[in-house]
Amino acid sequence: LAQSLLALFASSLAISLVFAIIPLCHNVVVLAVVMAVAGLAMGCIDTISNMQLVKIYQKDSAIFLQALHFFVGFGALLSPLIADPFLSDTNCILANGTANASSNLPHIRKSLVPHHPGNLSHYDLPMKGMVVTRVSYAFWIMALINLPVPIAVFFLLYKERMVPCFNGSSHPLLSADELALETRPGDKDELSTASQRPHTAAGHEDLFSCCQSKNFRGASYTYFAVHITGALVLFMTDGIVGEYSGFVYSYAVEEPLSVGHKVAGYLPSLFWGFITLGRLISIPVSYRMKPATMVFINVVGVLITFLLLLIFSSSVVFLFVGTASLGLFLSSTFPSMLAYTEDILQYKGCATTVLVTGAGIGEMVLQLLVGSIIHDRGSYSFLVCGMIFGCLAFTFYALLVFFHRMYPKPSPELDEASPDKAAVPEDTGQYQR
């Protein structure tokens, strides 16, 4: 837990530093390195936060995962609104003829959108002169907004006596079993006893314990199959989130829809808005509904939505309706899949790492793939690709359910009191402080 919190502190602090540095980058190579550091930090935060929620709350983690990913969607919805007042509709460099050149911007944007760009050589934009952009303020505001996060993580480290220089008089923030939402009567004493063990003895596992070969000895093929199929489902669904939010604008402004640029600009915001709304709705729903059922509803809903988008591909109204529907169905797929897979694998936390990695790769790869296909085949292939990815996600989910049924059940002595309650792990003290 100490290693995880230290990694969260370093990563969240790095994000604030990166956002403060970005406006000062005047070389594309330096900017690329800075953005790579930001991506590394965000990947660490994504993996560790999901993994720790699973390990701490176990059977109850589905609710907390839905809440976590609601704030992910809320941030994705809010940050463009913060940046929007600082974006310029005119050229950002003042020079002779700037007034005439600025009027060329809409024509240049329109020429760049289709999959066969038009001739841009007759448009002039000044490349030298006084820079008048205010977009730097947006990055600095985001850096300040993020700064309370590493401060809060450091406070938690301090209260938990995990800061080497400041571990003297502080009292732990949480008592022995406050983190356990549901505790069997016979387990309270066990939890209290476990919490009294020395912290060094309890914390024998580290961040890389999932990668150790001893965890794979004697594992059945279904153990690996559950990891792989779960990661492939998120590879497809998170890839759909990335490619749809990235290319729905380009699809809308091309024929046959030919939506105006300003109206088409609302589509990504609508998509992320309904993802955020869906995750908010999923918090109470996940308390009543099993994660497996939620994932099934999600993947079927994605399939049906893409099918209707293909059928009504010439309707602008249904494009907006379908975008909202797709956002709702994709919203809870990630946290529900994490909760479902970890439930199968007895909440070790290792599956979370594999699933988060698979989702990140899917979001990167499918955007590149769809972008190249749209360039060669036209805008209609955008919906066809989404339909194919949705079919693959459903197929991999069906395989996951199949391997779940074949996966060996935990031995009765691990869970003799209640068949639907996960056993308290031996190192509970690590997470009960």
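Residues numbered from 1 in each chain as written. Predicted model: local features only at pLDDT ≥ 70, side-chain atom pairs only at ≥ 80, totals over all residues. Heavy atoms only, no water.

An unreviewed UniProt entry annotates the protein chain as Major facilitator superfamily domain-containing protein 4A of Lanius ludovicianus. Its UniProt record, at the heading Sequence similarities (unreviewed entry), says of the protein chain: "Belongs to the major facilitator superfamily." Per UniProt, the protein chain carries the Subcellular location (unreviewed entry) text "Membrane". (UniProt positions renumbered as here; feature names shortened; annotations may be inferred.)

Participant: Can you tell me about the overall build of the protein chain, naming the residues and giving the values?
Facilitator: The number of helices and strands found in the protein chain is 17 helices and 2 strands. When the 433 residues of the protein chain are sorted by exposure, 44% land in the buried category. For the protein chain, the exposed surface amounts to about 22700 Å²; the carbon and sulfur share of it is 68%. (Helix = DSSP H or I, 4+ residues; strand = E, 2+ residues; numbered from the N terminus. Buried < 20%, exposed > 50% of the residue type's maximum accessible area, 1.4 Å probe, protein only. Areas by Shrake-Rupley, 256 points an atom, 1.4 Å probe, with all protein chains shown as cover.)

Participant: Outline a nonpolar patch on the surface, listing residues and values.
Facilitator: Together, Leu-13, Leu-17, Ile-21, Leu-144, Leu-147 and Ile-151 line one region of the surface with nonpolar side chains, adding up to about 530 Å² of accessible area. Examined against the element boundaries, Leu-17 turns out to sit in helix H1 (residues 2-21). (Patch = residues over 30% accessible without salt bridge, like charges linked within 9 Å, V, L, I, M, F, W, Y side chains within 5 Å. Salt bridge = Lys/Arg side-chain N within 4 Å of Asp/Glu carboxyl O.)

Participant: Provide a residue-level description of the nonpolar core, including the pertinent values.
Facilitator: The biggest cluster of nonpolar side chains holds 64 residues, and the ones touching the most others in it are Tyr-244, Phe-306, Leu-319, Met-337, Phe-382 and Tyr-397. Looking at which domains feed residues into this core, each of domain 1 (1-93 + 132-165) and domain 2 (219-409) gives three or more. Those residues in contact with Met-337 that sit more than four places away from it in its chain are Gly-230, Val-233, Leu-234, Val-295, Leu-355, Tyr-397 and Leu-400. With 9 residues, the next largest nonpolar core counts Leu-5, Ala-7, Ile-48 and Val-163 among its residues. (Core = buried A, V, L, I, M, F, W, Y, C linked by side-chain atoms within 4.5 Å. Domains from an automatic or database assignment. Contact = heavy atoms within 4.5 Å.)

Participant: Provide a residue-level description of the packing of aromatic side chains, including the pertinent values.
Facilitator: One pass over the structure, following the stated rule, counts 17 aromatic pairs. On the basis of an interplanar angle of 50 degrees and a centroid distance of 6.4 Å, the ring pair of Phe-296 and Phe-394 is categorised as tilted. Of this pair, Phe-296 sits in helix H13 (residues 291-311) while Phe-394 sits in helix H17 (residues 381-406); the two residues are 98 residues apart in sequence, bridging distant segments of the chain. On the basis of relative accessibility, which here comes to 31%, the residue Phe-394 falls in the partly exposed class. The structure contains a cluster of three or more aromatic residues connected by ring pairs, namely Tyr-244, Tyr-251, Phe-271, Trp-272, Phe-306 and Phe-382. (Phe/Tyr/Trp six-rings, centres within 6.5 Å; stacked < 30°, edge-to-face > 60°.)

Participant: Got a sec to walk through the packing of H1 against helix H7 (residues 148-159)? Specific residues and values, please.
Facilitator: At a closest axis distance of 8 Å, the pairing of H1 and H7 adopts a crossing angle of 160 degrees. One finds that H1 runs roughly antiparallel with respect to H7. As H1 packs across H7, the resulting crossing turns out to be left-handed. When H1 is examined against H7, the residues Ala-2, Leu-5, Leu-6, Leu-8, Phe-9, Ser-12 and Leu-13 are found in contact with a partner set consisting of Val-149, Pro-150, Val-153, Phe-154, Leu-156 and Leu-157. Of the residues that constitute the contact of H1 with H7, the class distribution is 12 nonpolar, 1 polar and no charged. (Axes fitted to C-alpha atoms, helices over the stretch in contact; angles between N-to-C directions. Parallel < 35°, antiparallel > 145°, perpendicular 65-115°, else oblique. Left-handed = near helix turned anticlockwise from the far one by under 90°. Nonpolar A, V, L, I, M, F, W, Y, C, P; charged D, E, K, R; others polar.)

Participant: Residue-level account of the environment of Pro-148, with values.
Facilitator: Checked against the element boundaries, Pro-148 lands in helix H7. Judged by its relative accessible area of 47%, Pro-148 is partly exposed. Pro-148 sits 136 residues away from Ser-12 along the chain, and the two C-alpha atoms are 9.3 Å apart.

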